[in-house]
Amino acid sequence: MTSAVLSTRTLTPELLRAWAWHRQGLDGSLSGKTSEEVLDRAGWARSVGGANPYLTLFARAGIRREQVDRDVAELRIHELPTARGCTYVLGRNDFAWGLQVGREAAVAPFKVLARLGVERGEITLLEEQVLHTLMESSDPMDPKQLKDELGESVRSLGEEGKKKGASTTLPTALGLLQADGRIRRVPVNGRLDQQRYAYTSWALPPSTLDDDAARARLIERYLRWTGGATLKQSQWLTGFTVAQSKAALAAVGAVEVTTAVGEPLWMLPDDVEHLSAFKAPQEEQIQLLAGTDSLVLLRRNSADMLAEGDRGRKVLDGTLGLQADLSDHPILDRGRIIGLWQYDPGKERIAAWTFDKPTAAVTQRITEVESWIREDLGDFRSFSLDSPASRQKRIDALDSANSTVPIHKANAATT
C-alpha cells in the first residue's frame, strides 16, 4: 500500500485532466523518444485505417510519417489485433502478450462457423494450408490471391453465411493464424492510414505469460497509460469480466482513490505517489489530436475533458458533454477540450472551431499540424471509409460555427 495520502478535495476535474495529459506525454516529456517508447508510455495507438497512429507519434515526439513507416517495415512497431480483438499499433515488446489478450476474440468467429456446419478440423487444415502457401511465396499475398491459390480448400458458406458475416472459411483461419503469431498482416503500400492488406508468414515466439498474468500486465499498462480509471472504463478497453478485472487489479496492487466529484478511480501505487506531488502546468500546452487518440479513447470520457461551462455547447449534431465519442477531432489545452477540427484536403487546410477566441498558441499549433498533414499524409482520415465528401458536412459546420472570420486559413495558395 502506498504511503501517500491524496486529499479528495484536491482531485478536481481540472487537476485530473492535467494529470492524464502528463501521463500521456502530451506535455513535451516524450519529445525525441522513439515510436516504441511513445507507445509504451502513452498506450497503443488505435488503428482503423485512419491517421491516428501517425498523429499519436507526431504530437508526442515529433516523429514524421517516413520514420513511422520505416519502424513498421522493420517490425519495431506493428498493427495487431489485441484487446477485444481490436487493432492497435504496438511496440515490439508487446507483440506476443498483446496477441494473447486478443486470442479469445479470434476464436469467437468459429462459433458462427460451427452453426453453419464447419468442423474445427476443417479450419485447422485450412490454417496449415494457408501457412504453407505463404511460406512458399516470395511476396505477401492478399486474401483474393490466397483464395485463388487454395481453391476448394476455402469453402463458401453461401447466403446463410453472408447473413452471419462469414461468407467463406478463410477469414477465420487467417484470424487464428494471426492471433498465434504464425502470420502477420502488412499494409500493401506500407502506410497505416488505409486498409488494403496482404499476409506473410511469421514466427513470433509465443508469450511466456499465462492468461492471468497477461491480463494483469494489460491492467498495469492501462492504469499507467491513463493515470487512473474506473473499473467500467478499464472493462471497455480490456473486455475483461468483473471477476477478471478485479483479479488483475489485485495482482498489480492497484488502489482506489476518490475524486472531488465522488468518482472512484483505480490507480497504481506509484502514480498515487506522483499525483500527490503533481502540479498542473500554468502555461498553455496546445495539441490537435485524433478523436481516437489514447487520451480520449482509453476511457471514452470526453465529457470529463470539457470545462463545466462548455458541456452544454452544441455543434453540428448534439451537445458535446453528452457524447461518449467525439464526432470531430479535439483541440486541447492541458487535457481540456477547447475546440474541434477536421481536415479539408480540397483546400489543404484545417477547419477549426474553438469555444473562445483562439490564442496565438492555438493558431500556431493549427498551422503546424496543418503543414504536417499536407506534407506527410495528404489527408487526415478518421477511419478507412472516411473521405473528403463524407466529412464535408462537418467541415462546413465547423466553419459556420465561427461567429467571426475562420480561425485559420491555409496558406497553400501563397506558398
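Here's a quick rundown of the structure. Bear in mind the structure is a predicted one, so any value in this text is a computation, not a measurement. Within every chain, residues take consecutive numbers counted from 1 along the sequence as written. Local features are withheld for residues below a pLDDT of 70 in this predicted model, meaning they are given only at 70 or higher, and side-chain atom pairs are given and counted only at 80 or more; totals for whole chains, interfaces and linings count all residues. The side-chain figures draw on all heavy atoms in the structure; neither hydrogens nor water molecules are used.

Let us look at empty space enclosed by the protein. The method works on a 1 Å grid over the protein atoms by themselves. A cavity is a set of points holding a 1.4 Å probe that cannot get out, a pocket is an open set with protein on both sides within 12 Å along at least five of seven lines, and residues with an atom within 4 Å of a point line them. Grid points are joined across faces, edges and corners, and a volume is the space filled by probe spheres set on the points. Taken as a whole, this structure holds one cavity of 30 Å³ or more when the rule is applied. In this structure, the largest cavity encloses a volume near 40 Å³. Surrounding the largest cavity, Ala20, Gln24, Trp225, Thr226, Ser294, Leu295, Leu298 and Arg299 form its lining. Helix and strand assignments come from DSSP, with helices taken as H or I runs of at least 4 residues and strands as E runs of at least 2, each series counted from the N terminus. Contributing elements (two or more residues each) for the lining of the largest cavity: helix 12 (211-226) and helix 16 (294-297).

A word on helix 8 (residues 120-136). Relative to the 24 Å expected for 17 residues at 1.5 Å per residue, helix 8 spans 25 Å between its end C-alpha atoms, a close match to the ideal helical length. Summary of the burial criterion: residues with accessible area below 20% of their type's maximum are buried, those above 50% are exposed, and those between are partly exposed, where the area comes from a 1.4 Å probe applied to protein chains only. Those residues of helix 8 that sit buried are Ile123, Leu126, Glu127, Val130, Leu131, Thr133 and Leu134. Down the axis of helix 8, the buried set is contained in an arc of 160°. They therefore lie on one face. Among the exposed residues of helix 8, those pointing more than 90 degrees away from its buried face are Gly121, Leu125, Met135 and Glu136. Close packing links the buried residues of helix 8 with helix 7 (109-115), helix 9 (143-150), helix 11 (170-179), strand 4 (183-187) and strand 5 (197-201). Given the number of residues in a helix, its expected span is that number minus one, multiplied by 1.5 Å. Of all possible arcs, the one meant is that of the directions from the helix axis to the C-beta atoms. Residue contacts are defined here by distance: any two heavy atoms, one from each residue, within 4.5 Å place the two residues in contact.

Charged atoms that come close allow side chains of opposite charge to pair. Any Lys or Arg side-chain nitrogen found within 4 Å of a carboxyl oxygen on Asp or Glu counts as a salt bridge. Applying the stated criterion to the full structure yields 36 salt bridges. For glutamate 74, the salt bridge goes to arginine 76, with nearest N and O atoms at 2.3 Å. Residue classification places arginine 76 among the partly exposed positions, given a relative accessible area of 22%. Between arginine 155 and glutamate 122 there is a salt bridge, and its shortest N-O distance comes to 2.6 Å. Here glutamate 122 lies in helix 8 and arginine 155 lies in the loop between helix 9 and helix 10 (158-163), a separation of 33 residues in the sequence.

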